[in-house]
Amino acid sequence: MLGEGQRRVERGTDLVVGYVDCHGRPRTQEMLDGLEMVPVKTMTYRGATFPEMDTDAVIARAPRVAIVDELAHTNVPGSKNEKRWQDIEDLLDAGIDVISTVNIQHLESLNDVVEQITGIPQRETVPDEVVRRADQVELVDMAPEALRRRMAHGNVYPPEKVGAALGNYFRVGNLTALRELAMLWLADKVDDQLDRYRADHHITGTWEARERVVVGLTGGPEGETLIRRAARIADRSKGADLFAIHITPSDGLAGANPAHLARQRALVESLGGTFHHVVGDNVPGALLDFARGVNATQLVLGASRRGRVAQVFSRGVGVEVTARSGSIDVHMVTHEATKQGRAQQLSALTRRRRAAGFGLAVVGMPLLSIALANLRGHLSLPSDILIFLIGVVGVALAGGLWPALVAALLGSALLNYYFTPPLYTFTIAEAQNVLALLAYVVIAVAVSAVVDLAARRTREAARASANATVLANLSGSVLRGEKALPAILERLRETYALTSVTLLERPPEIPLTPARQQEPARWRVADTVGGEPCTSPDEGDMVVAVDDDLSLVLCGATLPAADRQVLEAFAAQAAVALRQQRLADEADRVRPLAEADRMRTALLAAVSHDLRTPLASATAAVESLRSPEVVWSDQDRGDLFDTAATSLQRLDRLVTNLLDMSRLQAGALGIATAPTALDEVIPLALDALGAGAVELQIPDEVPDVLADPALLERVLVNLIANALRHTPPGRSVLVAASAHGDTVELRVVDRGPGIPHDKRELVFQPFQRLGDTDNGSGVGLGLALSQGLTEAMGGTLVPDETPGGGVTMIVTLPTARTTPHPDHLSDPA
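Scope of this entry: the structure provided in the associated data block.

Quick notes on the rules
Residues numbered from 1 in each chain as written. Predicted model: local features only at pLDDT ≥ 70, side-chain atom pairs only at ≥ 80, totals over all residues. Heavy atoms only, no water. Pairing = 2+ DSSP bridges. Helix = DSSP H or I, 4+ residues; strand = E, 2+ residues; numbered from the N terminus. Axes fitted to C-alpha atoms, helices over the stretch in contact; angles between N-to-C directions. Contact = heavy atoms within 4.5 Å. Salt bridge = Lys/Arg side-chain N within 4 Å of Asp/Glu carboxyl O. Buried < 20%, exposed > 50% of the residue type's maximum accessible area, 1.4 Å probe, protein only. Patch = residues over 30% accessible without salt bridge, like charges linked within 9 Å, V, L, I, M, F, W, Y side chains within 5 Å. Areas by Shrake-Rupley, 256 points an atom, 1.4 Å probe, with all protein chains shown as cover. Phe/Tyr/Trp six-rings, centres within 6.5 Å; stacked < 30°, edge-to-face > 60°. Lys NZ or Arg CZ within 6 Å of the ring centre and 35° of its normal. Core = buried A, V, L, I, M, F, W, Y, C linked by side-chain atoms within 4.5 Å. Parallel < 35°, antiparallel > 145°, perpendicular 65-115°, else oblique. Left-handed = near helix turned anticlockwise from the far one by under 90°. Nonpolar A, V, L, I, M, F, W, Y, C, P; charged D, E, K, R; others polar. Lys, Arg positive; Asp, Glu negative; His and termini not counted. Charge placed at Lys NZ, Arg CZ, Asp CG, Glu CD. Right-handed = clockwise from strand over helix to strand, strands pointing away. Expected span 1.5 Å × (residues − 1). Arc of directions from axis to C-beta.

Where strands meet in a sheet, backbone hydrogen bonds hold them as pairs that are either parallel or antiparallel. Strand order in the open sheet made by the 5 strands is 9-8-7-10-11, with parallel pairing throughout. Looking at which strands have only one partner, the edges of the open sheet turn out to be strand 9 (274–279) and strand 11 (329–333). The average angle at which neighbouring strand axes cross in this sheet is 25 degrees, direction not considered. Both strand 7 (residues 212–217) and strand 10 (residues 298–302) contribute to a ladder of 3 bridges, which runs parallel. Across the sheet, residue V213 finds its bridge partner in strand 10, namely Q298. Relative to the sheet, helix 10 (residues 223–235) contacts strand 7, strand 8 (241–248), strand 10 and strand 11, its axis offset from that of strand 7 by approximately 175 degrees. Across the sheet, helix 12 (residues 283–293) touches strand 7, strand 8, strand 9 and strand 10, and the angle it forms with strand 8 is around 155 degrees.

Below, the structure is given as structure tokens:
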């Protein structure tokens, strides 16, 4: 940075140094010679003085360029801006160009990665967007070994710090990783600049500055083969990008298998690529538009599954993309699915309907010829052709395309032989009759194709609607709160009237051997619904393999191949639900440990002060009394004794609360409930608290409560002490009691700031002091312990709002006339 400043000054640029910290490095200090420096300002914080850039002075100087070091620096509290990059924004707004520096570890997006590499968190960061806005970014690169030599020579740190630095942060591995991060981040910025340049200059051609491989997916079984092939192509070039794209027609009647697409998306993402879903009717055009949009260099497609006849009428996606790809290399990958063709799509109608169509064509057309022969004197040849055409349409409606083609060709021959002069020969005397018969054949074939396409689309739409209804019901059952995996299996069983549905998994510790993979010992039941579960895949009527370790086994029916897509979607969702269930179970197992750890941490943090303070006070008082160097008066000696006694009482109360809370959580606290008079317990609680402004409203008619007197006293001490702590001076705490049927309500009312409604339950959590800012008010066990003791005695403790401000703690206990519940009786020992 300073070298660039020296070069600009030599060229006559008006340049100043706004801020540079040389860190005591002599060679850095030498680079400042000849550069004008704007004096820094000093700021005081917590008794220390710190230098900071005087932004206003730099703006007042109005140079052409300013040098400002440490872009990510955090300014001293009290500065105009929190961060130095915000000061630089002010300089830029004033029309001053800025040259600054930033280390790769200070970029916000890389902060966590750098911490993982170095083990040291970086507290000063700068948003990536700020650096990306720079007109020019220069990577100052140095080999790790060269940097370590500079440090060893004392050019970076003082000699006494070099050894520690080289052995910790500046290890070769750390420096190599940071160097790679810097290069990759800058490469991404270069990509952004290149994309903007191409967009600004309307450049649509591919610039092979970096390999980008796009793989086109149809949703068929060949997708995984294509993805792996594309990943291998991308791996040959360091830093190449992998994109996968699936294009869906806008009519929504795609032949894509959702289960295949789900697995292929997961595979692409596991290989470091990205998956994209695009809607478009022109598949080759949409594919090429996407490829050019990401500046792709290579395109991977599967070999066509279309038959030779279909390829005569349409070149296919692969051929079309290859012809229009331009500079993008296209790879056509063969796969096993190529041999399967597209017979399933061509046979949109059932076999019975196709057989009926062929029968109607072979039998119906001759019968139609006999009927029309009897009407030869009343109908002309055009009328016969139209009637035959109606017959072909009927065959197409009944049996589809191929029976209709047979009917059209057979009808053409019958029209020629029986109705075209000369009769009973295949000779045609007039040219116009030849034209009429040819038109008949063309129209018959065209109408048959349209009718067959309409039937196929209707069937696909009906099946898509049914599948959507099934999947919507599945989603609804899960959203209604049902457990995901059982809901998926039960919905599948109900939909297809199956006797049982079982999800089998192969334990990871059992090796997969083809000869023994069907044995029951190779599998275990992950979940099942319905009747007796299957213990191996070969016991079911139908098996849907999710992967090598998971299989969905169906019993009760063999479903047609047309339902295979929905079954595979169910299987894929079941696998996802199983994994989520396992993660949730693992989280449930870990949660108690995390909660215990949190409680332990909170206890140590809270108790550290509350144990130390009374111990320190008592120790100081006793040590003072024991000191032979001071002669204490009787009053001073009494005060010290009172201090020691108060501290020890506070310590005893703290330890007792902790022990009682641990006993409550362990279920080992002994409770002996008995009829207890409130006017006997409340005075004892007030005596334990000492002085305090407390107002009592205990009517004489309030009956005795069923409680443990000692525990009830503890509850009242905690509640009244909490109320006194939050009640402002000059106001009193109200303790009132009233009877309500078989219960007595004891209210402790304060006039403090109150508790927000959404945080009322938090006050009963252990080690919570809502609104406290120090540890001087206890460890936060009082209310939690009070609630636990009250509930252990068969009562309840709930907070309520005090009219006019404050909190009312309501203790509800059964009266002594109420028969105690057996759970509330225990041996006091």
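Here the focus is the pattern of salt bridges. By the definition in use, this model includes 21 salt bridges. Note that R212 and D241 form a salt bridge whose closest N and O atoms lie 3.5 Å from each other. Of the two residues, R212 sits in strand 7 while D241 sits in strand 8, which places them 29 residues apart along the sequence. For R212, a relative accessible area of 8% gives the class buried.

Strand order in the open sheet formed by 4 strands is 13-12-15-14, with antiparallel pairing between adjacent strands. Single-partner strands in this sheet number two, and they are strand 13 (524–530) and strand 14 (542–547). Adjacent strand axes in the sheet meet at a mean angle of 15 degrees when their direction is disregarded. Bridge count for strand 14 against strand 15 (residues 550–555) is 5 bridges, and the pairing is antiparallel. The residue of strand 15 that forms the bridge with V544 is L552. The sheet strands contacting helix 20 (residues 484–495) are strand 12 (500–505), strand 13 and strand 15, and the helix crosses strand 13 at an angle near 50 degrees.

Moving on to a nonpolar patch on the surface. Together, F358, V362, V363, L367, I370, W402 and V406 make up an exposed nonpolar region whose accessible area comes to about 660 Å². At the level of secondary structure, the elements contributing two or more residues to the nonpolar patch comprise helix 16 (351–373) and helix 18 (401–419). Judged by its relative accessible area of 51%, W402 falls in the exposed class.

What follows is about the packing of aromatic side chains. This structure, assessed with the given rule, holds 6 aromatic pairs. Geometrically, the ring pair formed by Y418 and F419 is tilted, given 6.5 Å between the ring centres and 55 degrees between the ring planes. Under the relative-accessibility criterion, Y418 is labelled partly exposed at 32%. On the basis of relative accessibility, which here comes to 7%, the residue F419 falls in the buried class. Among the aromatic side chains, those forming a connected cluster through ring pairs are F388, Y417, Y418, F419 and Y424. One cation-aromatic arrangement involves R84 over Y19; the distance from NZ or CZ to the ring centre is 4.1 Å.

This part is about unusual backbone geometry. Residue P422 is reached from P421 by a cis peptide bond, and omega for that bond is -10 degrees. Looking at where P422 falls in the secondary structure, it is placed in the loop between helix 18 and helix 19 (431–479). In this structure, A62 is a non-glycine residue whose phi angle is positive, near 55 degrees. With respect to the element layout, A62 can be found in the loop between helix 3 (55–61) and strand 5 (65–68). Positive phi, close to 60 degrees, is recorded for E70, a residue that is not glycine. Here E70 shows up in the loop between strand 5 and helix 4 (84–93). Residue E70 is classed as partly exposed on the basis of its relative accessible area of 25%.

Grouped together as the largest cluster of nonpolar side chains are 34 residues, with contacts concentrated most on L678, L712, L716, L719 and L746. Sorting the residues of this core by element identifies helix 23 (678–689), strand 18 (705–707), helix 24 (709–726), strand 19 (733–740), strand 20 (743–749), helix 25 (782–792) and strand 22 (807–814) as the ones contributing at least two each. For this core, the element with the most residues is helix 24, which contributes 8 residues. Every residue in contact with L746, bar those within four places of it in the chain, is listed here: L678, I682, I698, L716, V735, A736, A737, M809, I810 and V811.

So, on to the environment of T499. Here T499 shows up in the loop between helix 20 and strand 12. As a C-alpha pair, T499 and P533 span 34 residues in sequence and 9.4 Å in three-dimensional space. Sequence-distant contacts of T499, defined by excluding residues within four places in its chain, comprise R493, V529, G530, G531, C555 and G556.

Looking now at the packing of helix 16 against helix 17 (residues 381–399). Between helix 16 and helix 17, the least distance of the axes is 8 Å, while the angle of their chain directions is 165 degrees. Comparing the axis directions of helix 16 and helix 17 gives the class roughly antiparallel. In this structure, helix 16 crosses over helix 17, and the sense of that crossing is right-handed. Contacts between helix 16 and helix 17 involve R353, R354, G357, L360, A361, M365, L368, S369 and L372 from the first element and D384, I387, F388, V392, G394, V395, L397, A398 and G399 from the second. Considered class by class, the residues forming the contact of helix 16 with helix 17 number 11 nonpolar, 4 polar and 3 charged.

Let's shift gears to a negative patch on the surface. A cluster of acidic side chains, namely D679, E680, D700, E701 and D704, defines a negative patch on the protein surface. Among the secondary structure elements, E680 is positioned in helix 23. Using a relative accessible area of 54% as the deciding quantity, one classes E680 as exposed.

Another aspect to go through is the pairing of strand 6 (residues 97–100). Here strand 5 pairs with strand 6 via 4 bridges, running parallel. When the sheet's bridge partners are listed, A66 is paired in strand 6 with V98. With helix 4 bridging strand 5 and its parallel neighbour strand 6, the resulting β-α-β unit is right-handed.

Take helix 10 next. Counted at 1.5 Å a residue, the expected span for helix 10 with its 13 residues is 18 Å, and the 18 Å between its end C-alpha atoms agrees. When we look at burial in helix 10, the residues that qualify are G223, L226, I227, A230, A231, I233 and A234. Seen from one end, helix 10 has its buried residues packed into an arc of 160 degrees, which puts them on one side.

Here we come to helix 18. Here helix 18 is 19 residues long and its end C-alpha atoms lie 26 Å apart, about the 27 Å a rise of 1.5 Å per residue gives. When we look at burial in helix 18, the residues that qualify are P403, A404, L405, A407, A408, G411, S412, L414, L415, N416 and F419.

The next point concerns the environment of F419. With respect to the element layout, F419 can be found in helix 18. Note: C-alpha distance between F419 and S380 (39 residues apart in sequence) is 8.7 Å.

Now for the environment of G394. With respect to the helices and strands, G394 occurs in helix 17. Put simply, G394 and A404 are 10 residues apart on the chain and 8.3 Å apart in space, counted from C-alpha to C-alpha.

These figures come from the coordinates and say nothing about function on their own.
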